[in-house]
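# Summary of structural features
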Amino acid sequence: MGWYKSLVLPIVRWIDAETAHGLAIWALKNNLVPRADDATDATPSLETDVFGRKFANPVGLAAGFDKNGEVPNAALSHGFGFVEIGSVTPEPQPGNPKPRLFRLYSDRAVINRMGFNNDGAAVVANRLRKRARRGVLGANLGKNKYSEDAASDYAKGVEALGPYADYLVINVSSPNTPGLRALQGRAPLEKLLRAVLKARDSFAKGVPVLLKVAPDLTDEDKSDIAAVVMKLKLDGMIVSNTTIDRPVGLNSYDQDEKGGLSGPPLMTPSTKVLADFYRLTEGKIPLIGVGGIASGKDAYEKILNGASLVQLYSSLVYHGMDLVTEIKEDLVRRLRKDGFANVSDAVGAAFPEISGKGIPVDEALAAKEAHAAKKVQAETASKPAQASKPAQTASETKPKPAPKTRKPAQAAKPRKPAATTKARKPAASKTDTAKE
């Protein structure tokens, strides 16, 4: 697959981003995207059960890639443990005016303002009905842009797609639909989720319902959302969507475009929000970590900070589909190195007081210390040996003062027991979230 990554991907990047995305969907439909021979091989240490569903591995394809449910099985064949389609609205809508998708090459990031462009719930439901059911498929639901009854829109989505999905996602966190993020407030969120759960019980009984939140939340917002999720006993959360923030350090031409930012710049803030929700929900609500994942290290960091599952999308723009296999292989190595028999054993290990699990070595700190030691060693080796200092003259030599008489040794005071050292939280590394 080296030829695909070194030849095809660079050529595709010269094409308009949204056109290139359409070509990717077409190539997957026609089985033209090469995949590793072992892409779907079973890996016992990565198999996991979350909200009553069995996952072959914890690495999923985030919503936004396959908006209309056209290639879920093709995506699964590249080794994803699960695929999430959408966002899907009750009625078809074109989304925002083009251009609306931008690659930030220097930052390996993406900005989008798609605006829930999709074929509508009826068309997508028909595709899913005809699909050969395999793997785990999630359906991400949104509201139409000008709808005045959000609860009704989400309930319609549940009715249409619930029978064909393994889990449903209530997306109130896209920055590209006016007023959508206001639904994350405590009162409107509880009202909305009650209507959704009622629809679920009527049309898709037993199908887990998850809530997808934004990374741009205040501490009060997070507390309110966690309280509602716990009160209604929601099945899970997805943390997080794209950010409207523009972190310092972006270095790409299109960095000031409006829309949601995803990719490496989102890794640190989204992981912090993930950790906050893990603490606020006391580890009782399964979390899916999204935002900035481009390596096994990034995925592992999300897991240590409370993610039972992870998702990616933007990194595929720069690394291709074989990234999925690379991440899974690296995850296996890291689990083995830290003594975890299964990925579920590592979930929340950064917070042993909540998870009851021992935290592994802080990789970031260990790597930093090893690099510093190596640098010092290299500098020492490169310096010429210093000549010995000449002997001091008599005029420079001062007589040493007579040694002072020592006081009798006092009995040693009993030591206080050492304070328990708190487990170090792994340092957040920078690196995607769904484009909806």
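Here, the structure is the one placed above.
This write-up is about the structure you can find in this document. Not measured: the values here are computed from a predicted model.

When helices and strands are tallied, the chain shows 14 helices and 13 strands. With 436 residues in all, the chain has 53% of them scored as buried. Surface summary for the chain: the accessible area is close to 21800 Å², and the carbon and sulfur share equals 55%.

Right, let's get into the pattern of salt bridges. Tallied over the entire structure, the rule returns 21 salt bridges. Notably, a salt bridge pairs E70 with K29, separated by 2.8 Å at the nearest N-O pair. Of the two residues, E70 sits in the loop between β3 (59–61) and α3 (72–76) while K29 sits in helix α2 (residues 17–29), which places them 41 residues apart along the sequence. For E70, a relative accessible area of 30% gives the class partly exposed. One salt bridge connects R186 with D224, and the closest N-O pair in it is separated by 3.4 Å. Of this pair, R186 sits in helix α6 (residues 186–203) while D224 sits in helix α7 (residues 219–232), and the two are 38 residues apart along the sequence. Salt bridges sharing common partners tie together D219, K222, K272, D276 and R279.

What follows covers the packing of aromatic side chains. Applying the stated criterion across every chain yields a total of 7 aromatic pairs. Look at F65 and Y313: their rings are 5.6 Å apart centre to centre, the planes differ by 90°, and that puts the pair in the edge-to-face class. Taken together, the residues F65 in the loop between β3 and α3 and Y313 in the loop between β13 (307–312) and α10 (314–319) connect sequence positions 248 residues apart. Judged by its relative accessible area of 6%, F65 is buried. Y313 gets classed as buried once you look at its relative accessible area, which sits at 6%. Here the aromatic rings of Y105 and Y318 are separated by 6.3 Å at their centres, their planes lie at 85°, and the arrangement is edge-to-face. Here the residue Y105 occupies a position in the loop between β5 (101–104) and β6 (109–112), and Y318 occupies one in helix α10, the gap between them amounting to 213 residues. According to the relative accessible area criterion, Y105 is partly exposed, its value standing at 34%. By relative accessible area, which is 5% here, Y318 ends up buried. Put simply, the rings of F51, F55, F82 and Y167 pair up and form one aromatic cluster.

Turning next to the layout of surface pockets. Taken as a whole, the largest pocket holds about 500 Å³ of empty space. Going through the elements one at a time, α1 (2–12), α2, β5 and α10 are the ones with two or more residues in the lining of the largest pocket. The leading source of residues in the lining of the largest pocket is α2, at 7 residues. Taken together, the residues of the lining of the largest pocket break down into 19 nonpolar, 2 polar and 3 charged.

For the pair Y318 and A109, spaced 209 residues apart in sequence, the C-alpha separation works out to 8.8 Å. Not counting residues within four places of it along the chain, the set of residues in contact with Y318 comprises L9, R13, R103, L104, Y105, R108, A109 and V110.

This paragraph deals with a negative patch on the surface. A cluster of acidic residues, D37, D38, D41 and E329, forms a negative patch at the surface. Of note, D41 is situated in the loop between α2 and β1 (48–50).

End to end, helix α8 (residues 267–280) covers 20 Å across 14 residues, agreeing with the expected 20 Å (1.5 Å per residue, within 8%). Of all the positions in α8, only M267, S270, T271, V273, L274, A275, D276, F277 and Y278 are classed as buried.

Burial along strand β12 (residues 287–290) is two-sided: L287 and G289 and I288 and V290, pointing in opposite directions, are all buried. Looking at chain direction, strand β10 (residues 236–239) and β12 are connected through 3 bridges and run parallel. When the bridges of β12 are listed, I238 appears paired with I288. Here β12 runs beside β13; their pairing, made up of 4 bridges, is parallel. Bridge assignment links G289 to a residue of β13, and that residue is V310. Note on the crossover from β12 through helix α9 (residues 296–304) to β13: the handedness is right-handed.

Turning to the packing of α8 against α9, a few remarks are in order. For the pair α8 and α9, the least separation of the axes is 9 Å and the interaxial angle reads 25°. By the angle between their directions, the pair α8 and α9 is classed as roughly parallel. Every residue of α9 that contacts α8 at M267, S270, T271 and L274 is listed here: D298, E301 and K302. Tallied by class, residues from the contact of α8 with α9 come to 2 nonpolar, 2 polar and 3 charged.

One open sheet holds the 3 strands; their spatial order is β5-β6-β11, and the pairing between them is antiparallel. Of all strands in the sheet, those bounded by a partner on one side alone are β5 and β11 (260–262). For this sheet, the mean inter-axis angle between neighbouring strands, taken without regard to orientation, is 20°.

What counts, and at which threshold
Residues numbered from 1 in each chain as written. Predicted model: local features only at pLDDT ≥ 70, side-chain atom pairs only at ≥ 80, totals over all residues. Heavy atoms only, no water. Helix = DSSP H or I, 4+ residues; strand = E, 2+ residues; numbered from the N terminus. Buried < 20%, exposed > 50% of the residue type's maximum accessible area, 1.4 Å probe, protein only. Areas by Shrake-Rupley, 256 points an atom, 1.4 Å probe, with all protein chains shown as cover. Salt bridge = Lys/Arg side-chain N within 4 Å of Asp/Glu carboxyl O. Phe/Tyr/Trp six-rings, centres within 6.5 Å; stacked < 30°, edge-to-face > 60°. 1 Å grid on protein atoms, 1.4 Å probe; cavity = no way out; pocket = protein on both sides within 12 Å on 5 of 7 lines; lining within 4 Å. Points joined across faces, edges and corners; volume = space filled by probe spheres on them. Nonpolar A, V, L, I, M, F, W, Y, C, P; charged D, E, K, R; others polar. Contact = heavy atoms within 4.5 Å. Patch = residues over 30% accessible without salt bridge, like charges linked within 9 Å, V, L, I, M, F, W, Y side chains within 5 Å. Lys, Arg positive; Asp, Glu negative; His and termini not counted. Charge placed at Lys NZ, Arg CZ, Asp CG, Glu CD. Expected span 1.5 Å × (residues − 1). Pairing = 2+ DSSP bridges. Right-handed = clockwise from strand over helix to strand, strands pointing away. Axes fitted to C-alpha atoms, helices over the stretch in contact; angles between N-to-C directions. Parallel < 35°, antiparallel > 145°, perpendicular 65-115°, else oblique.

These figures come from the coordinates and say nothing about function on their own.
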